[in-house]
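Below are the chains, spelled out letter by letter.
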Amino acid sequence: MTVNTGLRTVHVRAPGKINVFLKVGAVMDDGYHDVATAYQAVSLYEEVRAYQADDFSVSFTGPIDTSELITDGSNLAIRAARMAAHKAGYRGGVHLEIVKNVPIAGGMGGGSADAAATLLACDTLWGTELGREELLLLAARLGADVPFAFTGGTAIGTGRGDQLSPALAKGTFQWVLALADFGSSTPEVYRELDRHRDRHAQDIFPAQTQPSVDADVLQALRAGDPHMLAESLYNDLQAPALHLAPSLAKVLELGEANGALAGIVSGSGPTVAFLAADLDGALELQIALSAARYTVVRATGPVHGARVISD
Ligand code: ATP
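Quick notes on the rules
- Residues numbered from 1 in each chain as written.
- Predicted model: local features only at pLDDT ≥ 70, side-chain atom pairs only at ≥ 80, totals over all residues.
- Heavy atoms only, no water.
- 1 Å grid on protein atoms, 1.4 Å probe; cavity = no way out; pocket = protein on both sides within 12 Å on 5 of 7 lines; lining within 4 Å.
- Points joined across faces, edges and corners; volume = space filled by probe spheres on them.
- Nonpolar A, V, L, I, M, F, W, Y, C, P; charged D, E, K, R; others polar.
- Domains from an automatic or database assignment.
- Phe/Tyr/Trp six-rings, centres within 6.5 Å; stacked < 30°, edge-to-face > 60°.
- Helix = DSSP H or I, 4+ residues; strand = E, 2+ residues; numbered from the N terminus.
- Buried < 20%, exposed > 50% of the residue type's maximum accessible area, 1.4 Å probe, protein only.
- Polar contact = N/O pair within 3.5 Å; in protein donor to acceptor, adjacent residues only side chain to side chain.
- Contact = heavy atoms within 4.5 Å.
- Pairing = 2+ DSSP bridges.

Give me the layout of surface pockets: which residues, what numbers.
Size it by volume and the largest pocket reaches roughly 1100 Å³. If you trace the largest pocket, you find 42 residues lining it, with S112, D145, T186, P187 and S268 closest to the centre. By volume, the second largest pocket amounts to about 350 Å³. I64, D65, P103, A180 and D181 are, among the 14 residues lining the second largest pocket, the residues nearest its centre. When its residues are assigned to classes, the lining of the second largest pocket shows 9 nonpolar, 3 polar and 2 charged. Of the residues that make up the lining of the second largest pocket, three or more belong to each of domain 1 (9-166) and domain 2 (173-301).

Hey, could you go over the packing of aromatic side chains for me, with residue numbers and the actual values?
The final tally for this structure, using the stated rule, is 4 aromatic pairs. Look at F21 and Y234: their rings are 5.4 Å apart centre to centre, the planes differ by 35 degrees, and that puts the pair in the tilted class. One end of the pair, F21, is in strand β1 (residues 9-27); the other, Y234, is in strand β8 (residues 234-235), and 213 residues separate them in sequence. Judged by relative accessible area, F21 falls into the buried class, the value being 1%. With a relative accessible area of 33%, Y234 lands in the partly exposed category. Taking the centre distance of 4.5 Å and the plane angle of 10 degrees together, the rings of Y39 and F148 count as stacked. Taken together, the residues span a long stretch of sequence, with Y39 in strand β2 (residues 33-53) and F148 in helix α4 (residues 146-151) at a distance of 109 residues. A relative accessible area of 1% means that Y39 is categorised as buried.

Help me get a handle on the side chain of E47, residues and values and all.
With respect to the secondary-structure elements, E47 resides in strand β2. With a relative accessible area of 12%, E47 lands in the buried category. A distance of 2.5 Å separates the side chain of E47 from the side chain of H11, its partner in a polar contact. A polar side-chain atom of E47 sits 2.9 Å from a polar atom in the side chain of R13. Among residues more than four places away in sequence, those in contact with E47 are H11, V12, R13, E97, I98, V99 and N101.

Go over the pairing of strand β10 (residues 272-276) with me, naming the residues and quoting the values.
Burial analysis of β10 places 5 of its 5 residues in the buried class, which makes it a mostly covered element. Of the two faces of β10, the one holding V272, F274 and A276 and the one holding A273 and L275 are both buried throughout. Relative to β10, strand β7 (residues 173-179) runs antiparallel, the two being bridged by 5 bridges. Of the residues in β10, the one forming a bridge with V176 is F274. Judged from the 4 bridges that link them, strand β9 (residues 262-265) and β10 form a sheet pairing that is antiparallel. By the bridge assignment, I264 is partnered in β10 with A273. Between β9 and β10, which follow one another and run antiparallel, lie 6 residues, and G267 among them has a positive phi close to 55 degrees.

Written as structure tokens, this is what we have:
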């Protein structure tokens, strides 16, 4: 069903994410891994504006260098828009203008946030009324992190990371993010993890086929306690990410020497996320890392998922 909305433009904001816990299961026959992750949506947002158009196009602006980003039909935002149109039987198109604040291939799910925001923006603009459940199904088809960018907050992800269940969380955590001037390919980081596990098969426990999220990270999130959360941050992709980009080890050291409670590579990296005790701690850390010439942004979490913004 299509309702004539009379809207000429819709603005949707969707968040980037940090995996505060990420355990990767053994590689499956199809080459994929099941994961168990705890996602936290953070206040680094993608801003998507959708305009009525006859065909499908996307353009990018914002602080992140998007000059290398392909804007043809392979862009995740265009794929999301086409998928929504196809599902709804909508015959028109959309022009998308995206302000990119989340680093590209940075391990923070920026492309996923673009896709989630686009699904909601198109459905609203076109009046196609696909509804939340249908949009979430489309989101899962677009990528493992897209459903979480849609729902936001704090959630546990299993399967490929796309089977979500909400997690209780209290308070606000203060993060300082060190952005890299290069990207990491997620499949390459997973391949490096498999190589690492093969090399060390004698010394490490074999990975579980169905990993789970440790109880202490859930307790830390429930308590809203940054000290507890710092103790339970965990990422199986950190070692392979560091192996592929050894310069990240220095960033981690510098942050921890300047008051971070803990640092962790976000997802497949190369963004490094530092957890601070409070706002003052985050500001001090931001100053120290900026003085060392790192590109640093502060963010808080958890925050809401994809949401229509009235301009
Ligand atoms: P994740 O943490 O979910 O693995 P990521 O944050 O590391 O993702 P993204 O920036 O979401 O990485 O995207 C990874 C790749 O997808 C990029 O290298 C780019 O080629 C491609 N891509 C397609 N569409 C987009 C988009 N709208 N924004 C960013 N990357 C996109």
